[in-house]
Amino acid sequence: MKRILIFMVAVFVPAVMFSQAQITTKKMKLEDFPEKITKVVLSGNIFVDGTIEDAIKNRWTISPYEFCTLEEFEALKGKEDYYFLMVVTGQFRKEAEPGMIMLSLVKGGKGADLSLDKMLEVVTLPICSAEYPSGREMAFMPALVDIIENHVSASMKRDYSAYGGLETNSPRLDAARGKRVVIAESDLCSSADSSFLASLPGGKMEILPDDEADALMEDGTANTLVSYTVTPYEAGPGSFCYKMLIDAGTHELYYYRKQRISRSAGAGFLPEELSRIARR
């Protein structure tokens, strides 16, 4: 009997210990977001900073916010009382230098003084080329800020959204049925030539000059998805590009794809993607 009791206790104790263990998920870590101050870190680039400032003042509603300098960020990054929305540069392994400017939302906390990698990353979204931005980011910045807000809201509700990232959380193209889709000319891959475009079924997708596509976004045109692509200025094999389709009226992100550039697949919307969009 003693041996049986000892065996039962040996099995039961680990079970009790396991039941008392607490796992803090990313969703749980973000529950304090609406009460914490989001520090919007200004980079010192007057063109990028001005565009971000305007978008934050006009669009940010999910939490209280304050603008701060890089020096203030360095002093505050180790405190859990703050989230930080900041401009960062993205450099991939095969690139000689950073090719893209990104907007990253992170949470302050212990260890941040040792490495920024220790900070909880909420979401990072590319905004433009690091060298010679096209200027299209000015038309899209309000939408990009809204996309970040929407992702935070979803991440506070579901761990699937918190861990899945923008690509996982974007609706499928099927959800865009009935909507007008506009692809800016500069967002086309070089292999999507005029003969290929002529072979696509008409009526469901339009190719427009950049300024006309951007005007649709700036005007908040209803039921219209507009393309936006971010890629390094001198993109080559090994670099990445990001492709988006954004609803001009609601700023909902309908399509988001990170693509590695290769000799056979250049930057921009590829023929197979355009075919899917045109035939949806």
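A. The nonpolar core, seen in detail. The biggest cluster of nonpolar side chains holds 48 residues, and the ones touching the most others in it are Leu105, Leu144, Ile148, Met244 and Ile246. Look past the residues within four positions of isoleucine 148 in its chain and what remains in contact with it is Trp60, Leu85, Leu103, Leu105, Val123 and Leu125. The next biggest cluster of nonpolar side chains, apart from the first, holds 17 residues, and it includes Ala192, Tyr255, Phe269 and Leu274.

B. Region of the structure containing the pattern of salt bridges. The full count for this structure, using the stated rule, is 13 salt bridges. Here lysine 77 ties to glutamate 74 by a salt bridge, and the two come within 2.7 Å at their closest N and O atoms. The exposure class of lysine 77 is buried, given its relative accessible area of 8%. By relative accessible area, glutamate 74 is classed as partly exposed at 49%. Aspartate 247 serves as the salt-bridge partner of lysine 179, at 3.1 Å between the closest nitrogen and oxygen. With lysine 179 in the loop between α6 (159-169) and β6 (180-184) and aspartate 247 in strand β9 (residues 240-247), this residue pair connects regions lying 68 residues apart in the sequence. Residue classification places lysine 179 among the buried residues on the basis of a relative accessible area of 15%.

C. Looking closely at the environment of threonine 229. One can find threonine 229 in strand β8 (residues 224-230). With a relative accessible area of 15%, threonine 229 lands in the buried category. Measuring from C-alpha to C-alpha, the distance between threonine 229 and leucine 188 comes to 9.0 Å, with 41 residues separating the pair along the chain. In contact with threonine 229, not counting residues within four places along its chain, are Arg136, Asp187, Tyr242, Lys243, Gly268 and Phe269.

D. Layout of the pairing of strand β1 (residues 37-41). A large share of β1 lies buried, amounting to 4 of its 5 residues. In the sheet, β1 pairs with strand β2 (residues 65-68) via 4 bridges, with the strands oriented parallel. What sits directly across from valine 40, in β2, is phenylalanine 67. Taken together, β1, helix α3 (residues 46-59) and β2 constitute a β-α-β crossover, and its handedness is right-handed.

Conventions we followed
Residues numbered from 1 in each chain as written. Predicted model: local features only at pLDDT ≥ 70, side-chain atom pairs only at ≥ 80, totals over all residues. Heavy atoms only, no water. Core = buried A, V, L, I, M, F, W, Y, C linked by side-chain atoms within 4.5 Å. Buried < 20%, exposed > 50% of the residue type's maximum accessible area, 1.4 Å probe, protein only. Contact = heavy atoms within 4.5 Å. Salt bridge = Lys/Arg side-chain N within 4 Å of Asp/Glu carboxyl O. Helix = DSSP H or I, 4+ residues; strand = E, 2+ residues; numbered from the N terminus. Pairing = 2+ DSSP bridges. Right-handed = clockwise from strand over helix to strand, strands pointing away.

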